[in-house]
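# Structural features, examined
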Amino acid sequence: MIPAWRLRAAFARRLSDMYGAEVPVYTTLLEVTGEVNDAVTRRDPDARRAVGRVAVERHGAIRVGTPRELRQAAQVFAALGMHPVGFYDLRDATTSAVPVVSTAFRPVEPANLDRNPFRVFTSLLTTADRRFFDAGLQARLESFLDRRTLFPPELLTLAERAEREGGLEPEQAERFLTLAVAAFELSPEPIDRAWYTELARISAVAADIGGVTSTHINHLTPRVLDIDALYRRMADRGITMIDEIQGPPRWDGPDVLLRQTSFRALDEARTFREPDGTITTGALRVRFGEVEARGTALSRAGRARYDALTTETDRRLAAAGPGARTRQDVARALWEAGFPRTEHRLAVEGLGYFTYAPAAARPRDGRRPPADLAGLLDQGWLTARPIVYEDFLPRSAAGIFRSNLTEQGTRDAARTGTPYDDHRLAEVIGRPVHDPFTLYAAQQDASLRHALDALGADEARRNLCSS
Ligand code: OOG
Ligand code: NI
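Turning next to the sheet that holds strand β10 (residues 268-273). In space, the three strands of this open sheet follow the order β7-β10-β11, with mixed pairing throughout. In the strand order of this sheet, the two ends are held by β7 (191-192) and β11 (279-284), each with one partner. Bridge count for β10 against β11 is six bridges, and the pairing is antiparallel. Residue Arg-273 lies in a different strand from β11, and its bridge partner there is Ile-279.

The structure is reproduced here in structure tokens:
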């Protein structure tokens, strides 16, 4: 029996090979990422510990059109031990027309993340949103989407079995993987030019989703240990990156959340069916390359601090006018004044998530452990190791979408959008959507309980643990 995590690792590897064959510059990105990661691990022992996981770590992005397609995608990912985590509403995160709501399918247990953390950012077209689609277009769009099949029945049957039994026999696993990877390949099927163009006038994202008869992997993203170095090296190779790195600035405090950058979408040859019925070859620019650096997960309070710093960065940039200072410089100055400068402060102020363990060199002279986290860390009772942020940032996601649109698209701002939240999305998927904060907090809490029990730190246990 091949367990879910092995299926996931094999799927991620095959998808990466397939995407490298489709988009050669992705292979260049992997090469440069490998060079940078080697350089970092040579000088940093902490990085060395993580490098096994990092070397194979990727996220993908896909986009689907209907609740049925999203449920089927969820079934395929469930077979791979990947579950919906987090809710992202990108409709309001940018002024460009990005009519989607999203979640990320990923492993949720720490042990499974360690085995292989493959995740897929998955977006659902909001066809009922009147800001983008009028009633007539909605009806035509939905009927077009209802007629297509993204995932063949055999794939779904195998996926159900894999989920039920926790894996598949080798022969079935092979068939499942072949069908699953094929479902995300770029289709040679001719694209209806008139239909695609009609949708693209409203939103390039809508056209990419609803203007074609299949789905495809939109990008695959490796994890790099020094994204600033990577950005320079890619530029040195003559590859045009987007203007800036999204997310927190580079600074000498702790790395938190997620920093991402991408190079712009490239022309890819696609076949079209013209209005007069002839078949032609043209090009579309929708797929691109992205790379990311991951840091410590933040608590709700830490995230609120991050969001406030981001808003203040925007405000100062707008006030200073164009060209005055780069976003990175403005943000760095604000971070130096307003964000914990050490992991220790991040932990003690309750802004970041960590796993805790009894320190090997803890006091053994009969002293009682203190009752507070700062004391336990300062006096050498506990060690803290950051929990990696496994999720996404809506603003960066919107930035990634937007940076690859040639047209803004259109939206009728006078109308209101269809309401969506994580509960509604869970209903649509037919599976719970996990709250990322709850997952990180549970991991931190379990480690802290364990550590404090081992230390016999009863008072700290009562003060610091929720149960
Ligand atoms: C997804 C964009 C979001 C990220 O890394 O934030 C994303 C898409 O373009 O479909 O992948
Ligand atoms: Ni991405």
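Okay, back to it.
Before going further, it helps to examine the nonpolar core. Counting 68 residues, the largest nonpolar core has Leu-90, Leu-382 and Leu-452 as its most contacted members. Each of domain 1 (2-297 + 390-429) and domain 2 (301-385 + 445-464) gives at least three residues to this core. Apart from residues no more than four positions distant in its own chain, Leu-382 is found in contact with Tyr-356, Ala-357, Pro-358, Ala-359, Leu-373, Leu-376, Leu-377, Leu-448, Ala-451, Leu-452 and Leu-455.

Glancing now at the environment of Leu-145. As for its position among the elements, Leu-145 is in helix α6 (residues 135-147). As for Leu-145 and Ile-209, which are separated by 64 residues in sequence, their C-alpha atoms are 9.2 Å apart. Apart from the residues within four sequence positions on either side, Leu-145 is in contact with Gly-65, Thr-66, Arg-68, Glu-69, Leu-125, Thr-127, Ile-209 and Gly-210.

The next subject is unusual backbone geometry. A positive phi angle, near 55°, is found at Leu-257, a position not held by glycine. Classification of Leu-257 by relative accessible area gives buried; the value is 1%.

Here the focus is the sheet that holds strand β3 (residues 83-89). What the five strands build is an open sheet, ordered β3-β4-β5-β2-β8; its pairing is mixed. If you trace the sheet from one side to the other, it starts and ends with β3 and β8 (219-222), each paired once. Each neighbouring strand pair of the sheet contributes to a mean axis angle of 20°, computed without reference to strand direction. In the packing of helix α17 (residues 422-429) onto the sheet, the strands contacted are β3, β4 (100-106) and β5 (119-125), and the crossing angle to β4 comes to about 70°.

On to the pairing of β10. Of the two faces of β10, only one is covered, namely that formed by Glu-268, Arg-270 and Phe-272; the face formed by Ala-269, Thr-271 and Arg-273 stays uncovered. The sheet contact formed by β7 and β10 spans two bridges and is parallel. Looking across to β10, one finds that Asp-192 is bridged to Arg-273. Taking the residues that link successive antiparallel strands as the turn, the β10-β11 hairpin has five residues, and the phi of Gly-277 there is positive, at about 95°.

On to the packing of aromatic side chains, then. Considering all chains together, one arrives at 18 aromatic pairs under this definition. Geometrically, the ring pair formed by Phe-11 and Phe-118 is edge-to-face, given 6.0 Å between the ring centres and 65° between the ring planes. Residue Phe-11 is located in helix α1 (residues 4-22), and its partner Phe-118 is located in the loop between α5 (110-115) and β5; the two are separated by 107 residues in the primary sequence. Classification of Phe-11 as buried rests on a relative accessible area of 1%. Judged by its relative accessible area of 1%, Phe-118 is buried.

Further remarks concern the side chain of Gln-75. Relative to the elements of secondary structure, Gln-75 occurs in helix α4 (residues 67-79). Excluding anything up to four places from it in sequence, Gln-75 contacts Leu-156, Ala-159, Glu-160, Glu-163 and Arg-431.

A word on the domain arrangement of the chain. Entries for the chain in the domain assignment read domain 1 (2-297 + 390-429) and domain 2 (301-385 + 445-464). Just the C-alpha atoms count here: the centres of domain 1 and domain 2 sit 31 Å apart. Taken residue by residue, the interface counts 19 residues in domain 1 and 20 residues in domain 2. Taken over both partners, the interface formed by domain 1 and domain 2 buries close to 1,700 Å², and the fraction arising from carbon and sulfur atoms is 60%. Asp-314 is the salt-bridge partner of Arg-395, the closest N and O atoms lying 3.0 Å from each other. Remark: the boundary between domain 1 and domain 2 carries five residue pairs in polar contact (both at pLDDT 80 or more).

What counts as what
Residues numbered from 1 in each chain as written. Chains lettered and ligands numbered in written order. Predicted model: local features only at pLDDT ≥ 70, side-chain atom pairs only at ≥ 80, totals over all residues. Heavy atoms only, no water. Pairing = 2+ DSSP bridges. Helix = DSSP H or I, 4+ residues; strand = E, 2+ residues; numbered from the N terminus. Core = buried A, V, L, I, M, F, W, Y, C linked by side-chain atoms within 4.5 Å. Buried < 20%, exposed > 50% of the residue type's maximum accessible area, 1.4 Å probe, protein only. Domains from an automatic or database assignment. Contact = heavy atoms within 4.5 Å. Axes fitted to C-alpha atoms, helices over the stretch in contact; angles between N-to-C directions. Phe/Tyr/Trp six-rings, centres within 6.5 Å; stacked < 30°, edge-to-face > 60°. Buried area = accessible area lost by both parts, 1.4 Å probe. Salt bridge = Lys/Arg side-chain N within 4 Å of Asp/Glu carboxyl O. Polar contact = N/O pair within 3.5 Å; in protein donor to acceptor, adjacent residues only side chain to side chain.

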